[in-house]
Amino acid sequence: MISKELLSEVLNTKVEAFRYVKDKDRKYRKEVCIICDYEGTYDLSPIEIANICKEWAENKGYIIFSKNKECLIYSIDEVYDVIECLNQYEDYFEADTECEAIFKACEWILKNKAND
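Note that the structure is a prediction, hence the values are computed from the model and not measured.

> Let's hear about the overall build of the protein: which residues, and what values?
Looking only at helices and strands, the protein has four helices and six strands in total. Secondary structure elements in the protein, listed N-terminal to C-terminal, are α-β-β-β-α-β-β-α-β-α. Long-range contacts, defined as pairs at least 24 residues apart, comprise 43% of the intrachain contacts of the protein with a sequence gap of at least 6. For the protein, the exposed area adds up to about 7700 Å²; of that, 46% sits on carbon and sulfur atoms.

> Tell me what's going on with the packing of aromatic side chains, and back it up with residues and numbers.
Counted by the stated rule, this structure contains three aromatic pairs. Here the aromatic rings of Tyr62 and Trp108 are separated by 5.7 Å at their centres, their planes lie at 85°, and the arrangement is edge-to-face. On the criterion of sequence distance, the pair formed by Tyr62 in strand β4 (residues 62-67) and Trp108 in helix α4 (residues 98-114) is long-range, its members being 46 residues apart. Summarising the burial analysis for this pair, Tyr62 and Trp108 share the class buried. Where Phe65 meets Tyr74, the ring centres are 5.1 Å apart and the plane angle is 70°; that geometry is what we call edge-to-face. Here the aromatic residues Tyr62, Phe93 and Trp108 are joined through ring pairs into a cluster of three or more.

> An account of helix α2 (residues 46-59) is requested, with residue identities and associated values reported.
Taking 1.5 Å of rise per residue, the 14 residues of α2 would be expected to cover 20 Å, and the 20 Å separating its terminal C-alpha atoms lies within 8% of that figure. When we look at burial in α2, the residues that qualify are Pro46, Ile49, Ala50, Cys53, Trp56 and Ala57. Buried residues of α2, seen end-on, are gathered within an arc of 120° and therefore sit on one face of the element. Opposite the packed face of α2, turned more than 90 degrees from it, sit the exposed residues Ile47, Glu55, Glu58 and Asn59. Gly61 sits one or two positions beyond α2 and adopts a positive phi of about 100°.

> Residues and numbers for helix α1 (residues 4-11), please.
In an α-helix, one turn spans 3.6 residues, which is why side chains three or four residues apart end up on the same side. Where α1 is concerned, the buried positions are Leu6, Leu7, Ser8, Val10 and Leu11. Among the residues trailing α1, Asn12 stands out with phi positive, at a value near 55°.

> Tell me about unusual backbone geometry, and name the residues and values.
Backbone geometry at Asn12 places phi at a positive 55°, although glycine is not the residue there. As for its placement among the helices and strands, Asn12 is situated in the loop between α1 and β1 (15-22). For Asn12, a relative accessible area of 69% corresponds to the exposed category. A positive phi angle, close to 55°, is found at Asn68, a residue other than glycine.

> Residue-level account of the environment of Asn51, with values.
Turning to its location among the elements, Asn51 is positioned in helix α2. Separated by 48 residues in sequence, Asn51 and Cys99 place their C-alpha atoms 8.7 Å apart.

> Outline the confidence of the model for the protein, supporting the account with residue identities and numerical values.
Per-residue pLDDT for the protein has a mean of 81; in total, 79% of the residues score no lower than 70. Across the protein, α2 holds the top mean pLDDT of 92, while helix α3 (residues 82-85) sits lowest at 56.

What counts, and where the lines are drawn
- Residues numbered from 1 in each chain as written.
- Predicted model: local features only at pLDDT ≥ 70, side-chain atom pairs only at ≥ 80, totals over all residues.
- Heavy atoms only, no water.
- Helix = DSSP H or I, 4+ residues; strand = E, 2+ residues; numbered from the N terminus.
- Contact = heavy atoms within 4.5 Å.
- Areas by Shrake-Rupley, 256 points an atom, 1.4 Å probe, with all protein chains shown as cover.
- Phe/Tyr/Trp six-rings, centres within 6.5 Å; stacked < 30°, edge-to-face > 60°.
- Buried < 20%, exposed > 50% of the residue type's maximum accessible area, 1.4 Å probe, protein only.
- Expected span 1.5 Å × (residues − 1).
- Arc of directions from axis to C-beta.
- pLDDT = per-residue confidence, 0-100.

Right, here's the structure in full:
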């Protein structure tokens, strides 16, 4: 799962609290993240949050390639050619879902950018 610190960073707001719930009104029991900040309460799906995270990562100088339950993270400065990319990734992340792997990659960026 995503941390409150990362969620605040990628949404560019001070997240006071958040929680995941199953949306019982939907046929497929979609998972939703309910987010509370100083403007109110709203909800986003994990897929929406993962897409926002990918955009945030790109703004921080990284590209995230994800598929199924894993993803690779690349520094934009190091990516010159698709073939070369296969061996030039910064780190590899694996999780139970693709969204969780993206969240892990973004947590890595947040941690490593804080040390820069």
